[in-house]
Amino acid sequence: MGFLDMLGMKNHNDIELELESEGFKINKKWDGLLETMMLCLDHKKLFIVPSTCRKKNYNRTVINFDDIIDVELIIDTQDVVKKSGLGRAVVGGILLGGVGAIVGGVTGSTKTVTEFKDVDIQLKLKNPIEPLRKFNINSSKTKSTTMVGKMVMEKAQDCYETLLRVIAQGAATVSNKQ
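Below is a short write-up of the structure. (Residues numbered from 1 in each chain as written. Predicted model: local features only at pLDDT ≥ 70, side-chain atom pairs only at ≥ 80, totals over all residues. Heavy atoms only, no water.)

**Brief notes about the overall build of the protein**
Now for step 1: For the protein, the helix and strand inventory stands at 4 helices and 10 strands.
Now for step 2: The linear arrangement of helices and strands in the protein, starting from the amino end, is α-β-α-β-β-β-β-β-β-α-β-β-β-α.
Now for step 3: Expressed as a percentage of contacts within the protein between residues at least 6 apart in sequence, the contacts between residues at least 24 apart total 56%.
Now for step 4: Of the roughly 10,700 Å² that the protein leaves accessible, carbon and sulfur atoms contribute 56%. (Helix = DSSP H or I, 4+ residues; strand = E, 2+ residues; numbered from the N terminus. Contact = heavy atoms within 4.5 Å. Areas by Shrake-Rupley, 256 points an atom, 1.4 Å probe, with all protein chains shown as cover.)

Here it is, written out as structure tokens:
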């Protein structure tokens, strides 16, 4: 008995097994921060389930492919500019006075790093009650150049492109690779 079992909880892997026992073959899945999105090509359905939930009561969102109008990849980014020139300003000030400090400070190097915080897949649905459904992939500040940042962006891009193909061509032409 695992820790989640002791708490009366299940995770997305338990839910995937449950869906498969109901006859749904999961072809692709993407783990988000609080939810997991699972694609079932045979039944033309998209399941969005909590990453962890109570064993008995949990909400799973079931979206038919035909109900998806559009999909967007939304990335909240900001460029962080780092400028180093303090050391040059001090040396320039010592050697040449005030003018040297200004010139030394201006000639420092500048580095720009892109960081992103929220990465979401947003589904535009035919459902008038819930016309938009967001699936959060990442919500922590991450540098785009790190290994984690690259993995998050690859997952987001894969999810986005797969859902675009589902909308454009239907389930039959989507690759079954995982």
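From this point, the discussion proceeds with the structure in view.
**Brief notes about the pattern of salt bridges**
Now for step 1: By the definition in use, this model includes 4 salt bridges.
Now for step 2: The shortest N-O distance in the salt bridge between Glu16 and Lys29 comes to 2.7 Å. In this pair, Glu16 is assigned in helix 2 (residues 12-21) and Lys29 in strand 2 (residues 28-31), connecting sequence segments 13 residues apart.
Now for step 3: On the accessibility criterion, Lys29 (28% relative accessible area) is partly exposed.
Now for step 4: Of the charged contacts, one joins Asp158 and Lys28 as a salt bridge, the two residues approaching to 3.2 Å between their closest N and O atoms. Here Asp158, found in helix 4 (residues 147-169), pairs with Lys28, found in strand 2; they are 130 residues apart in sequence, far enough to count as distant.
Now for step 5: For Asp158, a relative accessible area of 28% gives the class partly exposed.
Now for step 6: According to the relative accessible area criterion, Lys28 is buried, its value standing at 6%.
Now for step 7: Overlapping salt bridges, with partners in common, bring together Glu35, Glu130 and Arg133 in one network. (Salt bridge = Lys/Arg side-chain N within 4 Å of Asp/Glu carboxyl O. Buried < 20%, exposed > 50% of the residue type's maximum accessible area, 1.4 Å probe, protein only.)

**Things to note about the side chain of Gln122**
Now for step 1: Tracing the sequence through the fold places Gln122 in strand 8 (residues 109-125).
Now for step 2: Beyond its immediate stretch of four places on either side in the chain, Gln122 contacts Asp70, Val71, Glu72, Ile74, Leu132, Arg133 and Lys134.

**Looking at unusual backbone geometry**
Now for step 1: Positive phi values are uncommon outside glycine, yet Lys44 reaches one of about 55°.
Now for step 2: One can find Lys44 in the loop between strand 3 (35-40) and strand 4 (45-50).

**Structural notes on the side chain of Glu16**
Now for step 1: Judged by relative accessible area, Glu16 falls into the buried class, the value being 15%.
Now for step 2: In this view, Glu16 contacts Ile26, Lys29 and Met38; residues no more than four positions away in its chain are not counted.

**Details of the pairing of strand 3**
Now for step 1: Counting buried positions along strand 3 yields 6 of 6 residues, so the element is predominantly enclosed.
Now for step 2: Burial along strand 3 is two-sided: the face carrying Glu35, Met37 and Leu39 and the face carrying Thr36, Met38 and Cys40 are both buried.
Now for step 3: Pairing of strand 2 with strand 3, which is carried by 4 bridges, proceeds in the antiparallel orientation. Each residue of the ladder has a partner; that of Asp31, found in strand 3, is Thr36.
Now for step 4: Both strand 3 and strand 4 contribute to a ladder of 6 bridges, which runs antiparallel. What sits directly across from Met38, in strand 4, is Phe47.
Now for step 5: Taking the residues between adjacent antiparallel strands as the criterion, strand 3 and strand 4 are bridged by 4 residues, where Lys44 takes a positive phi near 55°. (Pairing = 2+ DSSP bridges.)

Purely spatial values, then, with no claim about function.
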